[in-house]
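So you can see what is in the structure, the chains are spelled out below.
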Amino acid sequence: MDATLLAELIAFCGIETEFNDAWGNPTTVSQQNQLALLQAQGFDTDDDDIAALQLLQRQLDFWQQPLQAVSVQREGEPLQLLLQVNLEQANSELSLILTSESGDEQHFNLTPVEGELVQVVVLDEVEYHQYQHALSATLAAGYHQLRLAGSAVTQKLIITPGRCYQPEAFAHKKQWGIALQLYALRSERNWGIGDFTDLATTLNYLAAVGADFIGLNPIHALYPAMPESASPYSPSSRRWLNISYIDVTAMPGFAACARSQSLVSAPAFRAELSAQRSKDYVDYSGVMQLKLPVMKSLYQWFIEQSKTGNKAQAKAFKQFKLDGGDSLQQLALYDALHAHLYQQDSMCWGWPNWPEQYREPQSAAVQQFAKQHKAELDFYCYLQFIAQQQLAQAQQVAKDAGMLLGLYRDLAVGVSEASTEIWANPQLYCRDASVGAPPDPLGPAGQNWGLPPMYPYQLYKQGYQPIIDLLRANMQHAGALRIDHVMALLRLWWVPKTAENAGGGAYVYYPLMDLLGILALESQRHQAVIIGEDLGTVPDGIRELLEEYGVYSYRVFFFETAADGGYISPAHYPQQAMATLTTHDLPTLIGFWHCEDLRLGKELGLYTDEAQLQGLYAQRHANKQRILDSLHGHAFQGESILPLHYERSVEHLGMDTTLNYAMQRHLAATSSQLLCLQLEDALQMTQPVNIPGTSSEYPNWRRKLSQPIEQWSQNSDILQLFTDISARRNG
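Rules used in this analysis
Residues numbered from 1 in each chain as written. Predicted model: local features only at pLDDT ≥ 70, side-chain atom pairs only at ≥ 80, totals over all residues. Heavy atoms only, no water. Pairing = 2+ DSSP bridges. Helix = DSSP H or I, 4+ residues; strand = E, 2+ residues; numbered from the N terminus. Axes fitted to C-alpha atoms, helices over the stretch in contact; angles between N-to-C directions. Core = buried A, V, L, I, M, F, W, Y, C linked by side-chain atoms within 4.5 Å. Buried < 20%, exposed > 50% of the residue type's maximum accessible area, 1.4 Å probe, protein only. Contact = heavy atoms within 4.5 Å. Right-handed = clockwise from strand over helix to strand, strands pointing away. Arc of directions from axis to C-beta. Polar contact = N/O pair within 3.5 Å; in protein donor to acceptor, adjacent residues only side chain to side chain. Salt bridge = Lys/Arg side-chain N within 4 Å of Asp/Glu carboxyl O.

*Asks:* Hey, could you go over the sheet that holds strand E5 (residues 79-86) for me, with residue numbers and the actual values?
*Replies:* With antiparallel pairing, three strands are arranged side by side in an open sheet as E5-E9-E8. Each end of this open sheet is capped by a strand with a single partner; those strands are E5 and strand E8 (116-123). The sheet shows a mean angle of 20° between the axes of neighbouring strands, direction not considered. With seven bridges connecting them, E8 and strand E9 (residues 126-135) associate as antiparallel partners. Along E9, the bridge assignment pairs Leu117 with Tyr131.

Encoded structure:
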């Protein structure tokens, strides 16, 4: 390909050809990988003429619009307008109508050439000018609209605050909480998977010992027809909830519905329920086989009651469906159609593999299915209604118990290829590439997460509405939101499907300042604290920018090391951060200390180079000694973290309760505003939740907690640990 054309294509698509890797080494993306990414974005790289024409069409699509589709600007700064016209139109007066979010209108008449000339391009022998004008209007933070009078041309004008939300209480006290995988909660009452009632119970317990939040795994909607597709980070929709978390016994009518009571009192049901509770790993298929028939029975009860009795709940459901709009109907349609097709053919794992007539939501076949199965679609809407109610009730329990934040939710970086989000909006996603990460210490071979990325330009053309909708949905019933892989606001590592491995990709850039502005606006409106998971390869200056916007950094103890390899004192952690010992992608404390992750990695084929593995063992041994040295070298209010007589060499030292809890108490003294600990570590568990780089090799996203809440909540050692943590956070 011609070098000039290649450079233009690369620039237009926002592909970064040079970057610093996780070790700080300058790296150049090969031309082969550059071309593969251009192909993934729809360019014909084998024919320069065709590629040039494709580029021209996309450029004209932008330049032939007098108003940009969306503009994001800071509150309190002079309002700016960019006008784009061809040379002939530069002297023609334009009439504009500015409509604020509250409905107020202001009218402006502008002649493009009277503004500041910002840019000139010549496309297809036509000269286009871009002019900047200052508008004499003041707008509050929010979503406004500019319209070109006498036309359908509009611009979404978003005015944003400069920072994300921070509670006033942050100035007086440091907070702490527990991270848990909701499905992993065990109880003597649930149906084989943690549910929203278990969550409320755990919130009550933690509030009583001084905790301020529970951090949840993503609770996004998955695939009811295929329950074993259980990764919370590969959802079907990030706007809706995972219905397997519904507590069926708390659904309206559970006690009153004779039909439902007959189902749950049957001996076979009781036996299966007991078996599901006793399993150490969640059997998603078994759980849904228990829940779905009873859910359907209770939905029928609700419909019957709506005609005669409970008008308030029926009215609330009707409003929920109105508020949910097309997105809710789309999810319900997808789930119903997926179940219908998958029962007929197990190869129909998702819409890309469905019969042709079902791959377009607006097709005649899909619309016919929707009409014929209206009640079933309504059932799936009802389950979302119940899930939202139960989640809201859990958050209310937290607030009533005195928690500052309550629930802290997690927004996954993308959706799987088979998702309803992509089915509903296919033009937004690049299905010929997937999101991942270049090689780094967490993934030496790079990572490919199998999640199609959004096209930056399509996101812009849609006025960033998909992002706005995602943020709003995930800030509901939450005091904080963790954004998984927050670097996605700036750039994503795209891996073309044609690449040999995850390293064969490149970074593609996104409109960072616009997305940060929207994040700040939604954060303020929902009063939700934002935590950005900023691990991996982070470009210079980005952490500082995130800090400026009030986004809390995510600091993992194991990675917070000094130049000499020692561990940074908790007192030296940044204040605007959430500190944690470990994460769902890392081993538990016991697993780390006993090198269970390395042993499992070898067993599962992740470490094929024996020399590399031995190097990791040696590094782990050195790290353990540095941790032990750090614990011995620190004290809290004059009291040693570890007993003075405690072993000082790791040579033959196994992890015990004293050391485990000492590590947690040690980090509790962090200067970071937020501290998040894992419930697994309080329970002294060994096996990890998830092993990155595996799919079927290890039962990821299935491992339950080792004890039910009725048991561990009565444990005096855990109570003392949590009481100590609270004291250190208040100290």
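After presenting the structure, the write-up continues.
*Asks:* Could you give an account of the nonpolar core, naming the residues involved and the relevant values?
*Replies:* Leu519, Leu679 and Phe722 are the most contacted members of the largest nonpolar core, which totals 214 residues. Examining the composition of this core, we find that 12 residues originate from one element, helix H10 (residues 374-400), more than from any other. Leaving out residues up to four positions away in the same chain, Leu679 has contacts with Ile178, Ala179, Leu180, Leu185, Leu705, Trp712 and Phe722. In this structure, Leu81, Leu83, Leu139 and Val153 belong to the second largest nonpolar core, which totals 17 residues.

*Asks:* Mind laying out the pairing of strand E13 (residues 213-216), listing which residues take part and the relevant values?
*Replies:* Side-chain alternation along E13 places Phe213 and Gly215 on one buried face and Ile214 and Leu216 on a second face that is also buried. Of the pairings in the sheet, the one linking strand E12 (residues 175-180) to E13 comprises four bridges and is parallel in character. In the strand pairing of E13, Leu180 is matched with Leu216. As a crossover connection, the stretch from E12 through helix H4 (residues 196-208) into E13 is right-handed. Where E13 meets strand E16 (residues 406-411), three bridges bridge the pair, whose relative direction is parallel. In the sheet register, Phe213 faces E16, and the bridge partner there is Gly406.

*Asks:* Any details on unusual backbone geometry? Residues and values, ideally.
*Replies:* The backbone phi angle of Gln684 is positive, close to 60°, even though this residue is not glycine. When you line up the elements, Gln684 lands in the loop between helix H20 (679-682) and helix H21 (709-712). Overall, Gln684 belongs to the partly exposed group, its relative accessible area being 29%. Notably, Trp701 is not glycine yet its phi reads approximately 60°, a positive angle. Residue placement: Trp701 occurs in the loop between H20 and H21.

*Asks:* Lay out the sheet that holds strand E21 (residues 506-509) with the relevant residues and their values.
*Replies:* With antiparallel pairing, five strands are arranged side by side in an open sheet as E1-E21-E20-E17-E18. On the outer flanks of this sheet lie strand E1 (15-16) and strand E18 (447-451), each paired with one strand and no other. Pairing between strand E17 (residues 433-437) and strand E20 (residues 491-496): four bridges, direction antiparallel. Looking at the pairing, Ala433 lines up with Pro496 of E20. Contacting E1, E17, E20 and E21, helix H2 (residues 31-40) crosses the sheet at an angle of about 90° to E20.

*Asks:* Got a sec to walk through helix H1 (residues 3-13)? Specific residues and values, please.
*Replies:* Leu5, Leu6, Leu9, Ile10 and Cys13 are the residues of H1 that are buried. The buried residues of H1 occupy one face: seen down the axis, they fall within an arc of 135°. Seen from the buried face of H1, the exposed residues on the opposite side, beyond 90 degrees, are Ala3, Thr4 and Ala11. Summarising the contacts, the buried residues of H1 are in contact with E1, H2, helix H3 (48-63) and E21. Regarding H1, its N-cap is Asp2, as a side-chain oxygen of that residue lies 3.1 Å from the backbone nitrogen of Thr4 further along. The first or second residue beyond H1 is Gly14, which carries a positive phi of 70°.

*Asks:* Describe the pairing of E9, listing the residues and the values that go with them.
*Replies:* The two faces of the sheet receive side chains in turn, since in a regular strand these alternate between them. Here E5 runs beside E9; their pairing, made up of eight bridges, is antiparallel. From the neighbouring strand, Asn86 faces E9, where its bridge partner is Tyr128. Where E8 hands over to E9, the hairpin turn is made up of two residues, of which Asp124 adopts a positive phi near 50°.

*Asks:* Kindly report on the pattern of salt bridges, identifying the contributing residues and their values.
*Replies:* Enumeration over the complete set of coordinates arrives at 29 salt bridges. The partner of Arg491 in a salt bridge is Glu16, with the nearest N and O atoms 3.0 Å apart. Residue Arg491 is found in strand E20, and its partner Glu16 is found in strand E1; the two are separated by 475 residues along the sequence. When sorted by exposure, Arg491 lands in the same class as Glu16, which is buried. Its salt-bridge partner being Asp283, residue Lys279 comes within 2.8 Å of it at the nearest N-O pair. Given a relative accessible area of 31%, Lys279 falls into the partly exposed group.

Take it as geometry only, folks, not as evidence of what the structure does.
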